[in-house]
Amino acid sequence: MDYLQRLGAWAVANPRAVALLAFAMFVWVAFANCLPSKLFEDSTCTVLLDREGRLLCATIADDGQYRFPASGKVPERFEACICTYEDRYFRYHFGVNPVSVASALRTNYREGRIVRGASTITMQLARLMHKNAPRTFGNKLLEVLWAVRLEVGLSKDSILSLYAAHAPFGGNVVGLDAAAWRYYSTSAEELTWGQMAALCVLPNSPSIIYPGRNGERLRRKRDQLLHRLFVRSLLDSSELELALAEPLPEPAAALPQLAKHLYTRAIRDGKRGKTVTTTIDRRLQQLVEKVVAESATTIAAPNVSAIVASIRSGEVLAYVGNTPGLSSHGAYVDIPSSVRSSASVIKPFLYAAMLEDGLLLPNELVLDVPTKIGNFAPQNASRNFSGVVPASRALAQSLNVPIVRMLRVYGVKLFLDLLRAEGFTTFTRSADYYGLSLILGGGEISLWDLAGAYATLARTVVMYNPQQQGALRTVFPLHYVLKDSVPNAAQSLLGAGASYLTLQALRAVSRPVEEQGWQFFSSSRSVAWKTGTSFGGRDAWTVGVNPEYVIAVWAGNHDGSSVAGLSGVRTAAPIMFNLWSLLPHSQWFAAPVEDLERVPVCAVSGRPPSEACGEVDTVYAPAHRAIYAPCPYHRIVHLDSTGRWRVDASCYPASAILHRSWFILPPAAAWFYSRTHSRYDPLPPYLDGCAMDAGNRSMQFIYPRENAAVVSVPRDLDGQPSSVVFSLAHTDAQQIVYWHLDGEYVGMTSVFHQLALQPNEGKHELVVVDGDGQRASIRFTVRYRAK
Ligand SMILES: [Zn+2]
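In this text the structure is predicted, and so the values were computed from the model without any measurement.

(A) Fine view of the overall build of the chain. Helix and strand counts for the chain stand at 22 helices and 26 strands. Along the longest, intermediate and shortest principal axes, the C-alpha atoms of the chain span 135 × 80 × 55 Å. Looking at the chain as a whole, 52% of its 787 residues are labelled buried. Within the chain, contacts between residues at least 6 apart in sequence are counted, and of these 66% link residues at least 24 apart.

(B) Looking closely at the coordination of the zinc ion. At 2.1 to 2.3 Å from the zinc ion lie its protein donor atoms, namely Cys602 (SG), Cys613 (SG), Cys631 (SG) and His634 (ND1). Around the zinc ion sit four donor atoms, and with donor-metal-donor angles ranging over 101 to 121° the site reads as tetrahedral. The sequence motif formed by the donor residues of the zinc ion is C-x10-C-x17-C-x2-H. One end of the pair, cysteine 602, is in strand 15 (residues 596-602); the other, histidine 634, is in strand 17 (residues 634-639), with 32 residues separating them in the sequence. By relative accessible area, which is 10% here, histidine 634 ends up buried.

(C) Seen up close, the confidence of the model for the chain. With 94% of its residues at a pLDDT of 70 or more, the chain shows a mean pLDDT of 87. Confidence drops under a pLDDT of 50 for residues 693-697, and excluding neighbours within four residues, the segment shows six contacts in the predicted structure.

(D) Summary view of the pairing of strand 24 (residues 753-757). With burial as the criterion, only one face of strand 24 is covered, namely that bearing His753, Leu755 and Leu757; the residues Gln754 and Ala756 on the opposite face remain uncovered. Pairing of strand 21 (residues 724-730) with strand 24 involves five bridges; the strand directions are antiparallel. Across the sheet, serine 727 pairs through a bridge with glutamine 754, a residue of strand 24.

(E) Looking closely at unusual backbone geometry. In this structure, serine 233 takes a positive phi of about 65° despite not being glycine. Residue placement: serine 233 occurs in the loop between helix 10 (215-231) and helix 11 (237-245). Relative accessible area serves as the criterion here: at 61%, serine 233 is assigned to the exposed category. Of note in this structure, alanine 343 is not a glycine but carries a positive phi near 50°. Looking at the element boundaries, alanine 343 is found in the loop between strand 8 (339-341) and helix 14 (347-356). The exposure class assigned to alanine 343 is buried, which follows from its relative accessible area of 0%.

(F) Just empty space enclosed by the protein, in detail. For the coordinates displayed, the defined rule picks out one cavity of 30 Å³ or more. In terms of lining, the largest cavity is formed by Ser71, Lys73, Val74, Pro75, Ser161, Ala164, Ala165, Leu176, Asp177, Ala188 and Glu189. Of all elements in the fold, only helix 7 (156-166) and helix 8 (176-184) reach the threshold of two or more residues within the lining of the largest cavity. Looking at the lining of the largest cavity, the element that brings in the most residues is helix 7, giving three residues.

(G) Representation of the packing of aromatic side chains in the model. Under the criterion given, the structure shown has 19 aromatic pairs. Relative to tyrosine 480, the ring of tryptophan 448 lies with its centre 6.4 Å away and its plane at 80°, an arrangement referred to as edge-to-face. Pair noted here: tryptophan 448 is in helix 19 (residues 447-462) and tyrosine 480 is in the loop between helix 19 and helix 20 (496-506), with a separation of 32 residues, a long-range link. Here the two residues tryptophan 448 and tyrosine 480 agree in accessibility, since each one is buried. Ring geometry for phenylalanine 663 against tyrosine 680: centres 6.0 Å apart, planes inclined by 85°, an arrangement best described as edge-to-face.

(H) Structural view of the packing of helix 8 against helix 9 (residues 193-200). Between helix 8 and helix 9, the shortest axis-to-axis distance is 11 Å and the interhelical angle comes to 120°. Where helix 8 crosses over helix 9, the two elements pack in a sense that is right-handed. Here Leu176, Ala179, Ala180, Tyr183 and Tyr184 of helix 8 come into contact with helix 9, specifically with Gln195, Met196, Ala198 and Leu199. Looking at side-chain class alone, the contact of helix 8 with helix 9 contains eight nonpolar, one polar and no charged residues.

(I) A look at helix 12 (residues 260-271). Along its 12 residues, helix 12 runs just 14 Å from first to last C-alpha, ending more than 12% under the 16 Å computed at 1.5 Å per residue. On its buried side, helix 12 packs onto strand 1 (47-49), strand 2 (55-58), strand 5 (275-277), strand 7 (316-320) and helix 19. Glycine 273 lies just past helix 12 and shows a positive phi near 75°.

(J) Just the pattern of salt bridges, in detail. Using the criterion set out here, one finds 18 salt bridges in the structure. Across the salt bridge formed by glutamate 143 and arginine 127, the nearest N and O atoms sit 3.1 Å from each other. Here the residue glutamate 143 occupies a position in helix 6 (residues 137-153), and arginine 127 occupies one in helix 5 (residues 121-129), the gap between them amounting to 16 residues. Using a relative accessible area of 4% as the deciding quantity, one classes glutamate 143 as buried. Between aspartate 417 and arginine 420 there is a salt bridge whose closest N-O contact spans 3.7 Å. Separated by three residues within a single helix, aspartate 417 and arginine 420 lie in helix 17 (residues 412-421), roughly one turn from each other. Accessibility expressed as a relative area gives 30% for aspartate 417, which makes it partly exposed.

(K) Structural detail: the nonpolar core. Core analysis: the biggest nonpolar cluster contains 84 residues, and Phe349 and Phe415 have the highest contact counts within it. Counting residues per element, this core draws most heavily on helix 19, at 11 residues. When residues no more than four places from it in sequence are discounted, the contact partners of phenylalanine 349 are Phe415, Leu418, Leu419, Glu422, Phe424, Ala453, Tyr454, Leu457 and Leu494. With 60 residues, the next largest nonpolar core counts Met129, Met196, Leu229 and Leu248 among its residues.

(L) Quick peek at the domain arrangement of the chain. The domains assigned to the chain are domain 1 (2-32), domain 2 (66-245), domain 3 (335-580), domain 4 (633-694) and domain 5 (699-784). Inter-centroid distance (C-alpha atoms) of domain 1 to domain 3 is 78 Å.

(M) Expanded view of the side chain of arginine 340. As for its position among the elements, arginine 340 is in strand 8. Taking the relative accessible area as the measure of exposure, arginine 340 reaches 8% and is therefore buried. Not counting residues up to four positions away in its chain, the partners in contact with arginine 340 are Gly443, Glu444, Ile445, Arg538, Asp539, Trp541, Trp554, Asn557, His558 and Gly560.

(N) Region of the structure containing the packing of helix 19 against helix 20. Contact geometry for helix 19 and helix 20: axes closest at 8 Å, N-to-C directions at 120°. Pair helix 19 / helix 20 crosses with left-handed handedness. Judged by residue contacts, Tyr454, Leu457, Ala458, Thr460 and Val461 of helix 19 engage Ala496, Ser499, Tyr500, Thr502, Leu503 and Leu506 from helix 20. Residues that form the contact of helix 19 with helix 20 fall into these classes: eight nonpolar, three polar and no charged.

(O) Main features of the sheet that holds strand 1. With mixed pairing, three strands are arranged side by side in an open sheet as 2-1-5. Edge positions in the open sheet fall to strand 2 and strand 5, since each of these has one partner strand only. Ignoring strand direction, the axes of neighbouring strands in this sheet form an average angle of 15°. As judged from the three bridges shared by strand 1 and strand 2, these two strands associate in the antiparallel manner. Within strand 2, the position partnered with leucine 48 by the bridge is cysteine 57.

(P) Here's a closer look at a nonpolar patch on the surface. Taken together, the side chains of Tyr3, Leu4, Leu7, Trp10 and Val18 define a hydrophobic patch exposed on the protein surface, amounting to about 530 Å² of accessible area. The element contributing the most residues to the nonpolar patch is helix 1 (residues 2-13), with four residues.

Each value, and the rule that gives it
- Residues numbered from 1 in each chain as written.
- Predicted model: local features only at pLDDT ≥ 70, side-chain atom pairs only at ≥ 80, totals over all residues.
- Heavy atoms only, no water.
- Helix = DSSP H or I, 4+ residues; strand = E, 2+ residues; numbered from the N terminus.
- Buried < 20%, exposed > 50% of the residue type's maximum accessible area, 1.4 Å probe, protein only.
- Contact = heavy atoms within 4.5 Å.
- Donors = N, O, S within 2.8 Å, 3.2 Å for Na, K, Ca; no water.
- Tetrahedral: all angles 85-135°; square planar, octahedral: opposite > 155°, others 65-115°.
- pLDDT = per-residue confidence, 0-100.
- Pairing = 2+ DSSP bridges.
- 1 Å grid on protein atoms, 1.4 Å probe; cavity = no way out; pocket = protein on both sides within 12 Å on 5 of 7 lines; lining within 4 Å.
- Points joined across faces, edges and corners; volume = space filled by probe spheres on them.
- Phe/Tyr/Trp six-rings, centres within 6.5 Å; stacked < 30°, edge-to-face > 60°.
- Axes fitted to C-alpha atoms, helices over the stretch in contact; angles between N-to-C directions.
- Left-handed = near helix turned anticlockwise from the far one by under 90°.
- Nonpolar A, V, L, I, M, F, W, Y, C, P; charged D, E, K, R; others polar.
- Expected span 1.5 Å × (residues − 1).
- Salt bridge = Lys/Arg side-chain N within 4 Å of Asp/Glu carboxyl O.
- Core = buried A, V, L, I, M, F, W, Y, C linked by side-chain atoms within 4.5 Å.
- Domains from an automatic or database assignment.
- Patch = residues over 30% accessible without salt bridge, like charges linked within 9 Å, V, L, I, M, F, W, Y side chains within 5 Å.
- Areas by Shrake-Rupley, 256 points an atom, 1.4 Å probe, with all protein chains shown as cover.

Below, the structure is given as structure tokens:
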């Protein structure tokens, strides 16, 4: 209080001092706030750099200028050249150089006109900030004030970097980085002395001298600068000689346009007007673009997209968003971010999930028989059934029927949750909406997510470490910004063991007939890969992984219309394998042995052996999973001494009975299986007098009723033969009946056994089999009626 009172008294006594102090404070605040809130408001180009900082792609800024965002650093050669040419004492003055101001005043006074300026680089920067302001005394004073203020607030490096970013280099080229790329097609860091010197004389009179104009004056100025650098010992004599011999820059060249769709993706991600250092490998990008462009000329699909990424880091190394060089057909569409039917490419995740949960063993037989679930009757691409097939082969051959049956066991809801957890972001609807057709392409995915999810599958195996099983977080999406921290890495729901076994199944050891020729893909044995073709030939997918890389390819029509003959394996897979040939060869995945255990299985069924099974084998399965149900297909049957008839102790001497292990499939499976497995033996018939419950059920044809009947087929109004409705009675109302005409499966019926068929004229045989394997057959002859 005492202190404040004394201060008050002093102030009353010294009003001038108070006024002076207030003025000084006002000046200080005014000075501190004299700069515009943003030094530069100009729009800048969006600049995409590769992982080494080399330019991939840039286009003109919104105001029509080639102006790259300030990089924050300048090459040493630039500082040497620009300071030697414009402002030798840049590192020492405070924004204004009093010595050069004095000497400029003296010279100009002597000459009676302005022949010399005293502008420092900082003053030139202030002038650049003060765009197009008329050259009045007031403006000049303001710029000097700004220059001093800039020196107070910024480091010399920052000032130089701002100047480098905003200095004019002739035409619509602004800034050193844009100039280096436009005139020399290289980065500013890589400019030679000759190139840098030629550029550094441009900002002084950018409208008079620039590459392609006033070449002789440009050469003279450049050479003068080079000699001055030599005098200052910044160059040695041989460097000087080399620099003088360099050609002058050419008129502005076009900027590179690599990874164009990643560029638009970056803009969409909010990076407009920024420099984005990407994870792209420029050389690989060039090669991938070339291969995709060449491949695209040989296929019917106009749009092709491909992603190459690293398994461990998730970094995208090459990104072809659409067919390079395309000018129409939706050339602008960034395919990897659009969503398309997944077709078959998500099937491996179901296989892996069932292995993981102990619901399946890798080579366990799964049913491949006519199946109808509600209104959904899936078909294999071949329109055939194999009866039973090992699950691993069902996956490799992409059989629809067994996979749908597997999904019914696993549950659509759980599977949908799993897909989302493994990185698929576009399954936005409910399990009820998708239903079982989810696994066949009823949902949509993006190429980006697909590559990311397969990378995760491979990463879980590659990064497996038995010491930190629980902590291993391998699920994260692909990313293209270098050193972008990977957010929210999560633990995969699929362990290393299940992932490894899935990759094993996808290794090209067993491929369907329509994939003939895969052996010619040289890298197919070291790559786990999957193809998919969506309904109606709209999307062709192929995705493959090895321990180092993931490659995903999509081909089709950008607008979702069909392409004749489009197929994952014929259209997309050859492109993917061409891309693999660009990458270094890699070993196959190391088995995560601690996460696997050997499980004894029946050699035929792939399930744990029952007492009735014969040969026993072992397979790798994820360690410590559920107890698997034993093999249901082997039964001990009792035969007479000849082995031809079934008997039992009530009708045959017990000591003479042979006990045999017999592989017996459910009837529908048996029927299809036996067609391709000639060694499949049906159960022998009972010896007379031994049948215990045979003949309780029976099937009887109602139409045609008797063997060798003649079926007379009427014609429709348009002259075509109409359908024939075949019908049958079954004493057991619960039974499903499978119909086969001349050896071909034609359909199944339940409750009312009627089937409309259109057999050709001539002789036929109709065979029906019920769920218990009972069969009945009838032969008949078809005649078309005359009109
Ligand atoms: Zn068995």
